[in-house]
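Here is what each chain is made of, one letter per residue.
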Amino acid sequence: MNYQKLKGTVDILPDESEKWQVVEQQARAILSNYQFREIRTPLFEKFDLFARGVGETSDIVSKEMYDFKDKGDRHIALRPEGTAGVVRAYVENKLYAPEYHKPMKLFYIGSMFRYERPQSGRQRQFNQVGVEVFGSKNPAVDVETMALAMDLFKSFGIEDLKLVINSLGDSESRQKYREALIAYLEPHFDELSNDSKERLYKNPLRVLDSKDKKDKVLVADAPSVLDFLNEKSKQHFEAVKEMLDDLSISYEIDKNMVRGLDYYNDTIFEVMTTHPKFGANATICAGGRYDSLVEEVGGPETPAFGFGFGIERLLILLDFMNYNYPKVSTIDAYVVTIGDKVNKAATKLTQYLRQNNLSVEREFMNRKPGKQFKTADKWDAEFVFTMGEDELKENRVSIKALKSGQQMDIDLGELYSNFEATFKEVESRLMKKGE
RNA sequence: GCGAUUGUGGCGAAGUGGUUAACGCACCGGGUUGUGGUCUCGGCAUUCGUGGGUUCGAUUCCCAUCAGUCGCCCCA
């Protein structure tokens, strides 16, 4: 074999893509109930947009961006996440203009790219569903959007779900907290892991979710963000919690939860699954509020809230659960051909049936009738239309309903002149079992 | 970027420094000269990811490379 797919990419073959269709279709239905509308933005953007949006210190920018120079010497990157592009489109197309309803609720479904080592549920090209809500600081937006995320996952019957929330506070609160955290950690500098030593000044909050055991011990006694929230942020967080309670959506507060991306403030959340095969606590969805990003990208001051989740991870989880996917592809009829001479007549018949809204496959390989029936049976076809040389001579076709085993001949002229009535008659006569 | 592990037909999977590379599934053909299940018989890898090397001889040993899987980092 000469060519193979690039590392970290996958071919999604028909058996698998049917699962994707189910997931996407269901997600679209729920998003539509929540009055979100789809936005499609380019797969690549100016490198700087992501560098700015995602945060210069994040690993995504420093080592995971799929970037390149195009022939015009432009520095381009494949999108590593969805939000930056949507924000750019929001600003560039002036979706904040007065004629648009506020808040503007958008969703996207599509591929993202990160240059990293592939492993379970992680690829270089992966797919995300994400939503963004622009223009409202109302905590009800936070709550509605988190409720949406929970509804999406619940709709697949996922029960091992946990909503975990935290507040990072606004920039003022965050700044104060940052100082306090550094003050607390500095005396322990030598005890910190190497990664955390580096993080301490670049992005001290990230020390909080270090996986290192010693770090974890230190962090356990660190001051909490929640104690540093100013009045506004505190009220916002309280309101969010109350509304979640009102909706009977249970949640946990994890004061050490932070974000890999720099643009978040106030409410952040993760949806985790506690499914045993998925590891102790696996995040399947993450999001939060980002009130300064729109401005950062050049738009007017616009509060925003959003989340994203990876479709691959969701599919893995559904597989673990042995999720029963509804069948996407079905077949109404199989056209059996007997002999070379019927090729033309079979072509005509097959096309005619399809044009009358039946899903039809025909035999192309000239196998023996027995084999053809076997295929029709395996595919669960409702009817088999048999076109043989006998039928051809008499301008008729033989129709068999596989479930009842009943079979009858029908005149082709009749079928071709009045499909509906003829076929209805055939259906009613053949569907009865063992007459 | 680092570490571990794997790579044999369409798929799953055995195997060995030496003349013909098990088996199962799927598929194709026959038994059943035009009708679904079962059964039965037969077919299906000049080749063991790729490229080198060692050897009289390599799918088997060595090196490199590509890819998969898992873990670290990070994250969806």
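Residues numbered from 1 in each chain as written. Chains lettered and ligands numbered in written order. Predicted model: local features only at pLDDT ≥ 70, side-chain atom pairs only at ≥ 80, totals over all residues. Heavy atoms only, no water.

A word on the overall build of chain A
Step number 1: Helices and strands together make up the secondary structure of chain A, namely 16 helices and 16 strands.
Step number 2: The C-alpha atoms of chain A give 29 Å as radius of gyration, which overshoots the globular expectation for 435 residues (22 Å, by more than 25%).
Step number 3: By principal-axis analysis of the C-alpha atoms, chain A measures approximately 95 × 55 × 45 Å.
Step number 4: The buried share of chain A, taken over its 435 residues, is 49%.
Step number 5: For chain A, the computed accessible surface area is about 22900 Å², with 48% contributed by carbon and sulfur atoms. (Helix = DSSP H or I, 4+ residues; strand = E, 2+ residues; numbered from the N terminus. Rg over C-alpha atoms; globule rule 2.2 N^0.38 Å. Buried < 20%, exposed > 50% of the residue type's maximum accessible area, 1.4 Å probe, protein only. Areas by Shrake-Rupley, 256 points an atom, 1.4 Å probe, with all protein chains shown as cover.)

Comments concerning the sheet that holds strand S15 (residues 396–401)
Step number 1: Sheet architecture is open: 5 strands sit in the order S13-S12-S14-S15-S16, paired in mixed fashion. The open sheet has two edge strands, strand S13 (360–362) and strand S16 (407–411), and neither has a second partner. Neighbour to neighbour, the strand axes of the sheet diverge by 25° on average, direction disregarded.
Step number 2: Looking at chain direction, strand S12 (residues 333–337) and strand S14 (residues 383–387) are connected through 5 bridges and run parallel. Looking across to S14, one finds that Tyr 334 is bridged to Val 384.
Step number 3: The sheet strands contacting helix H13 (residues 369–378) are S12, S14 and S15, and the helix crosses S12 at an angle near 175°.
Step number 4: Contacts from helix H16 (residues 419–431) reach S14, S15 and S16, with the element oriented near 165° to S16. (Pairing = 2+ DSSP bridges. Axes fitted to C-alpha atoms, helices over the stretch in contact; angles between N-to-C directions. Contact = heavy atoms within 4.5 Å.)

Looking at the domain arrangement of chain A
Step number 1: When its domains are assigned, chain A resolves into domain 1 (14–167 + 261–320) and domain 2 (333–431).
Step number 2: Taking only C-alpha atoms into account, the centre of domain 1 sits 48 Å from that of domain 2. (Domains from an automatic or database assignment.)

Notes on the nonpolar core
Step number 1: Formed by 47 residues in total, the largest nonpolar core has its most connected members in Leu 148, Phe 153, Leu 163, Phe 269, Val 271 and Phe 307.
Step number 2: Examining the composition of this core, we find that 9 residues originate from one element, helix H5 (residues 139–154), more than from any other.
Step number 3: The contacts of Leu 163, once residues within four sequence positions are left out, are Met 146, Met 150, Leu 244, Ile 249, Ser 250, Tyr 251, Glu 252, Phe 269, Glu 270 and Val 271.
Step number 4: Counting 41 residues, the second largest nonpolar core, distinct from the first, contains Tyr 263, Ile 268, Met 272 and Leu 293. (Core = buried A, V, L, I, M, F, W, Y, C linked by side-chain atoms within 4.5 Å.)

Observations concerning the sheet that holds strand S2 (residues 44–46)
Step number 1: Spatially, 3 strands are ordered S2-S4-S3 in an open sheet, and the strand pairing comes out antiparallel. A strand with exactly one partner marks an edge of an open sheet, and here the two such strands are S2 and strand S3 (66–69). Strand-to-strand twist of the sheet, defined as the mean angle between neighbouring strand axes without regard to direction, takes the value 30°.
Step number 2: Pairing analysis gives 4 bridges linking S3 to strand S4 (residues 75–78), with the strands arranged antiparallel. If you follow Asp 67 over to S4, its bridge partner there is Ala 77.
Step number 3: Across the sheet, helix H2 (residues 47–54) lies against S2, S3 and S4, angled at about 80° from S2, the strand it touches most.

Some words on the pattern of salt bridges
Step number 1: Applying the stated criterion across every chain, the model contains 24 salt bridges.
Step number 2: The closest approach of N and O atoms between Glu 144 and Lys 105, which form a salt bridge, is 2.7 Å. Residue Glu 144 is found in helix H5, and its partner Lys 105 is found in strand S5 (residues 104–113); the two are separated by 39 residues along the sequence.
Step number 3: Its relative accessible area of 30% is what places Glu 144 among the partly exposed residues.
Step number 4: Lys 105 sits in the buried class, given a relative accessible area of 16%.
Step number 5: Glu 116 is the salt-bridge partner of Arg 122, the closest N and O atoms lying 3.9 Å from each other. (Salt bridge = Lys/Arg side-chain N within 4 Å of Asp/Glu carboxyl O.)

Section: the protein's contact with RNA strand B
Step number 1: Neighbouring residues of RNA strand B: 43 residues in total, closest Glu 116, Arg 199, Lys 374, Lys 378 and Leu 402.
Step number 2: Counting only the atoms of RNA strand B that lie within 4 Å of the protein, the sugar and phosphate share comes to 52%.
Step number 3: One nitrogen or oxygen atom from the side chain of Glu 116 is found 2.3 Å from a base nitrogen belonging to RNA strand B.
Step number 4: At the level of elements, helix H3 (59–64), strand S6 (125–134), helix H7 (194–202), H13, helix H14 (389–394) and S15 are the ones that each hand at least two residues to the surface near RNA strand B.
Step number 5: The biggest single contributor to the surface near RNA strand B is H13, with 7 residues.
Step number 6: For the surface near RNA strand B, the per-class residue count stands at 6 nonpolar, 14 polar and 23 charged. (Near = heavy atom within 4 Å. Polar contact = N/O pair within 3.5 Å; in protein donor to acceptor, adjacent residues only side chain to side chain. Nonpolar A, V, L, I, M, F, W, Y, C, P; charged D, E, K, R; others polar.)

Focus on helix H1 (residues 14–33)
Step number 1: Between its first and last C-alpha, H1 extends 29 Å over 20 residues, near the 28 Å set by a 1.5 Å rise per residue.
Step number 2: Of the positions making up H1, those classed as buried are Lys 19, Trp 20, Val 22, Val 23, Ala 27, Ile 30 and Leu 31. The buried residues of H1 occupy one face: seen down the axis, they fall within an arc of 155°. Turned more than 90 degrees away from the buried face of H1, the exposed residues are Pro 14, Gln 25 and Asn 33.
Step number 3: Taken together, the buried residues of H1 touch S5, S6, H5 and helix H11 (311–320).
Step number 4: Just downstream of H1 lies Gln 35, where phi reads positive at about 60°. (Expected span 1.5 Å × (residues − 1). Arc of directions from axis to C-beta.)

Details of the packing of aromatic side chains
Given two aromatic rings, their pairing is described by the distance between the two centres and the angle made by the two planes.
Step number 1: Under the defined criterion, the tally for this structure stands at 20 aromatic pairs.
Step number 2: An angle of 65° between the planes, with centres 5.4 Å apart, marks the rings of Phe 383 and Phe 423 as edge-to-face. Note that Phe 383 is positioned in strand S14 and Phe 423 in helix H16, a separation of 40 residues in sequence.
Step number 3: Here the aromatic cluster, defined as three or more aromatic residues joined through ring pairs, consists of Tyr 90, Tyr 96, Phe 134, Tyr 263, Tyr 264 and Tyr 290.
Step number 4: The side chain of Arg 124 reaches across the aromatic face of Tyr 115, ending 4.0 Å from its centre. (Phe/Tyr/Trp six-rings, centres within 6.5 Å; stacked < 30°, edge-to-face > 60°. Lys NZ or Arg CZ within 6 Å of the ring centre and 35° of its normal.)

Describing the packing of helix H6 (residues 171–185) against H7
Step number 1: Where H6 contacts H7, the two axes come as close as 10 Å, and the packing angle between them is 145°. Note on packing geometry: the crossing formed by H6 with H7 is left-handed. Contacts between H6 and H7 involve Arg 178, Ile 182 and Leu 185 from the first element and Leu 200, Tyr 201 and Lys 202 from the second.
Step number 2: The residue makeup of the contact of H6 with H7, split by class, is 4 nonpolar, no polar and 2 charged. (Left-handed = near helix turned anticlockwise from the far one by under 90°.)

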